[in-house]
Amino acid sequence: MVSSPHPSFFQAVAAVVRKDLTAEFRSRELLSAMLVFSLLVILIFNYALELELGVREKVAAGVLWATFAFAGTLGLNRSMSTEKDRGCLDGLLLAPVDRSAIFFGKAISNLVFMLIVEAIVLPLYALLYNEGRIFQPGFLAVVLLGSIGYIAVGTLLSAMSVQTRTRDVLLPILLFPVAIPVLLSAVKASTGFLTGAEMAEIWPPLNLLIVYDIIFTAVAFMVFDAVVEE
Amino acid sequence: MSSKPTLLKILDVTSLILLGAATYLALVYAPTERVMGDVQRVFYFHIGTAWVGLLGFVLAAVVGVAYLVSKDLKWDIIGVATIEISVVFFFITIMLGSIWARPTWNTWWNWDPRLTTAAITELVYVAYFMLRAGLEDPERRARFGAVYALLGGLSAPITFMAIRLFRSIHPVVIGTGQGETLPLSSDMKVAFFFALFAFTVIFIDLFWNRIRLGQLESKVEQLKLKVM
C-alpha cells in the first residue's frame, strides 16, 4: 500500500477509494441493496404510471432519474454510516492527509457505486422497455454529469446527516431540495436525447448541469472541512 | 440581565404603526385594480413579505460564510434569527399568492417557476430547522447550519433557472402576474413602496428581537452548564 509517511493528495484520495471499493466488493451490501431497490422502484413506476408506449417516451427519463435519486440516497446513507458506526471516520480524520482528500475519496467511491448501479439498471430498462436510445453517448454523458452533481452534494450532506440524531431520515430531506436543479436539468436533457430533440434544445439544461456540477463540487470541497472537524 | 434597549422598544412601536399604516394604504388608500378587483390589494403585502423573505435568505447565506470563516457563535445566532423570520414571511408570501391566484388564475396553485422555486426554497429552510433539531452540540449545530444555509442560498437561483427550462412556452399571463410588469398607478406605487418600507422595518425589528432572544438563550444554556 502507501509507503511514504506523507502521501500526496492523489495517493490519499486513491487510498480512500480503494478502501471503500475493497470493503464493498467483499460484502456487496450496498450495491445489492441499491440494485434491488432500483428495480423495485422501476416496477412500482411501471404500474403507477402504466408505462405504455406513448406515455413511456415522455416519462422514461423522469422514471430513471427518480430511481437513481432514491437509490443514491440509500447508498450515500449506507456509505457514510458504516464510516461513522465503526469509528472509521475518526480514523480517517486522524490520518495526516488533507481533509478534502477524504471528501474526494468518499465522493469518488460513492460515484462509482452509483455508476455501477446505473450501468446495470439502464441496460435492464432498455431491455424491459425495448428502449435502445439509452445507449447514445449524449444520454450517457448526461447520466454521468447528473450523477456527479448529485453525489458531490450528497456526500457532503450525508457526512452531516450521519452526525445527527435523526440520521437516516434526514438525508433525503436535506438533499432533495438542494439537488432539485441537478435532477430537473438531468431529466430535461435526458428526455431531449430520448425523444431525439435538437441539440439547441438540449444545450440549456446540459449547460446548467455543468454549472451546477462545478459550483457544488467546489463548494462541497471547500466546506467539507467544517463538516467533519471535531 | 440587561433589559430591553429603549431604541428597540421604539422600533417595536414604530413597526406596529407602520404595519397599521401599510394595511390602511393597501386596503383603503390604493385604488381598486380595474381587472382583478379588490383581491389585487393582496399584492402589496405579497411583495412586501416576499422581499423580506428573500432578503433574509440571502443574508443567511452571507452570515453562514461569516460563521465558517470566523467560527464566532454570534454569527450563528444571527443566521438562525434571519432564517426563522424569513421562513415565516415566505410562508405568508406563498399563502397570499395563493389567495391572489385563486380568483385571477382560477387556481390556488400552478407550477410556474416562481411558485415552484418559492415552495422548494421554503422546503430548504424547513429542512434547515430539521437539521438543527437533530444536533445537540451548539458548535456543531452552528457549523452545519452555516453550511446548509450556504448551499440553500446557492441552489435557489439555480433551481429557478432549472424550472424555467420546463416552462419556456408558458403563457405570458403568468409572467406579468407578479408585479414588475403590472401597471401601477401612482397611488398604487405609494402603497407598494410603503409596504416594502414597512416590512423592511418590521424585519429589522423582529431580527433585533430574535438576536436578543438568541443571546439570552445561549446565556441560559451557559448558566445551566455552570449549575450542573
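Residues numbered from 1 in each chain as written. Chains lettered and ligands numbered in written order. Predicted model: local features only at pLDDT ≥ 70, side-chain atom pairs only at ≥ 80, totals over all residues.

Overview of the overall build of chain B
Looking only at helices and strands, chain B has seven helices and zero strands in total. Overall, chain B shows an N-to-C arrangement of helices and strands of α-α-α-α-α-α-α. Over its C-alpha atoms, taken along the principal directions, chain B stretches across nearly 65 × 45 × 25 Å. Per-residue burial for chain B yields a buried fraction of 38% across its 228 residues. (Helix = DSSP H or I, 4+ residues; strand = E, 2+ residues; numbered from the N terminus. Buried ≥ 20, exposed ≤ 12 C-beta atoms within 10 Å, placed from the backbone.)

With respect to the overall build of chain A
In terms of helices and strands, chain A carries eight helices and zero strands. At 18 Å, chain A has a C-alpha radius of gyration in line with the 17 Å of a compact globule built from 230 residues. Principal-axis analysis of the C-alpha atoms gives chain A an extent of 60 × 35 × 35 Å. Buried positions account for 46% of the 230 residues belonging to chain A. Put simply, 80% of the contacts in chain A that link residues at least 6 apart link residues at least 24 apart. (Rg over C-alpha atoms; globule rule 2.2 N^0.38 Å. Contact = placed C-beta atoms within 7 Å.)

Regarding the interface of chain A and chain B
The figure often quoted for interface size is the accessible area lost as the parts come together. The partner chain B presents 26 residues to the 24 residues of chain A that form the contact. Elements that contribute at least two residues to the side of chain A that touches chain B include exactly helix H7 (167-194) and helix H8 (199-228) of chain A. Ranked by residue count, the leading element in the side of chain A that touches chain B is H7 of chain A, at 10 residues. Of the residues in the side of chain A that touches chain B, the class split is 18 nonpolar, four polar and two charged. (Nonpolar A, V, L, I, M, F, W, Y, C, P; charged D, E, K, R; others polar.)

Concerning helix H7 (residues 186-227) of chain B
Given 3.6 residues per turn, any residue in an α-helix points the same way as the ones three and four places further on. Residue and element names in this part refer to chain B. If you check H7, its first and last C-alpha atoms are 61 Å apart, about what 42 residues at 1.5 Å a residue would give, namely 62 Å. Taken as a whole, H7 has its buried residues at Met-188, Ala-191, Phe-192, Phe-194, Ala-195, Ala-198, Phe-199, Ile-202, Phe-203, Asp-205, Leu-206 and Phe-207. In the core, the buried residues of H7 are packed alongside helix H1 (6-29), helix H2 (42-70) and helix H3 (73-105). (Expected span 1.5 Å × (residues − 1).)

Section: unusual backbone geometry
Backbone geometry at Arg-28 of chain A places phi at a positive 55°, although glycine is not the residue there. The topology assignment puts Arg-28 of chain A in the loop between helix H1 (9-27) and helix H2 (29-48). Of note, Lys-71 of chain B is a non-glycine position whose phi angle comes to about 55°, a positive value. Relative to the assigned elements, Lys-71 of chain B resides in the loop between H2 and H3.

Considering the nonpolar core
In terms of nonpolar packing, the biggest core is built from 129 residues, with Val-153 of chain A together with Val-147 and Ala-195 of chain B touching the most fellow members. In contact with Ala-195 of chain B, other than residues within four places in its own chain, are Ala-22, Ala-26, Tyr-44, Phe-45, Ile-47 and Gly-48 of chain B. (Core = buried A, V, L, I, M, F, W, Y, C linked by C-beta atoms within 7 Å.)

Let's talk about the confidence of the model for chain A
Summary statistics for chain A give a mean pLDDT of 89 and a share of 97% for residues scoring 70 or more. Predicted confidence in chain A is weakest over helix H4 (residues 88-94) of chain A, with a mean pLDDT of 84, and strongest over helix H6 (residues 137-161) of chain A, with 94. (pLDDT = per-residue confidence, 0-100.)

Observations concerning the packing of helix H5 (residues 99-129) of chain A against H6 of chain A
Residues and elements named next belong to chain A. Contact geometry of H5 with H6 gives a least axis separation of 9 Å together with a crossing angle of 135°. Classified by the interaxial angle, the pair formed by H5 and H6 is oblique. Crossing of H5 over H6 shows right-handed handedness. When H5 is examined against H6, the residues Phe-103, Lys-106, Ala-107, Asn-110, Leu-111, Met-114, Leu-115 and Glu-118 are found in contact with a partner set consisting of Val-143, Ser-147, Ile-148, Ile-151, Ala-152, Gly-154 and Thr-155. In terms of residue class, the contact of H5 with H6 is built from nine nonpolar, four polar and two charged. (Axes fitted to C-alpha atoms, helices over the stretch in contact; angles between N-to-C directions. Parallel < 35°, antiparallel > 145°, perpendicular 65-115°, else oblique. Left-handed = near helix turned anticlockwise from the far one by under 90°.)

Re the packing of H8 of chain A against helix H5 (residues 138-166) of chain B
Contact geometry for H8 of chain A and H5 of chain B: axes closest at 11 Å, N-to-C directions at 180°. Considering the angle they form, H8 of chain A stands roughly antiparallel to H5 of chain B. When H8 of chain A is examined against H5 of chain B, the residues Pro-204, Pro-205, Leu-208, Tyr-212, Ile-215, Val-219, Val-223, Ala-226 and Val-227 of chain A are found in contact with a partner set consisting of Arg-143, Phe-144, Val-147, Leu-150, Leu-151, Leu-154, Ile-158, Met-161, Ala-162 and Leu-165 of chain B. A class-by-class count of the residues in the contact of H8 of chain A with H5 of chain B yields 18 nonpolar, no polar and one charged.

Some thoughts on the confidence of the model for chain B
Residue and element names in this part refer to chain B. Of all residues in chain B, 92% have pLDDT values of 70 or greater, and the mean over the chain is 85. A low-confidence stretch, residues 168-180 stays under pLDDT 50, and its non-local contacts, those more than four residues away or across chains, total nine contacts. This prediction of the complex comes with two scores: 0.87 for pTM and 0.87 for ipTM.

What about the environment of Leu-16 of chain B?
Residues and elements named next belong to chain B. For Leu-16, the location among the structural elements is in helix H1. Note on Leu-16: 12 C-beta atoms within 10 Å, which makes it exposed. C-alpha separation for the pair Leu-16 and Leu-54, spaced 38 residues apart in sequence, amounts to 22 Å.

Concerning H2 of chain A
Residues and elements named next belong to chain A. With 20 residues, H2 should cover 28 Å at 1.5 Å per step; its first-to-last C-alpha distance of 28 Å lies within 8% of that length. Taken as a whole, H2 has its buried residues at Leu-30, Met-34, Ser-38 and Val-41. Around the axis of H2, the buried residues are gathered within 65° of arc, so they sit on the same side. For H2, the exposed residues set more than 90 degrees away from the buried face come down to Glu-29, Ser-32, Val-36, Leu-43 and Tyr-47. (Arc of directions from axis to C-beta.)

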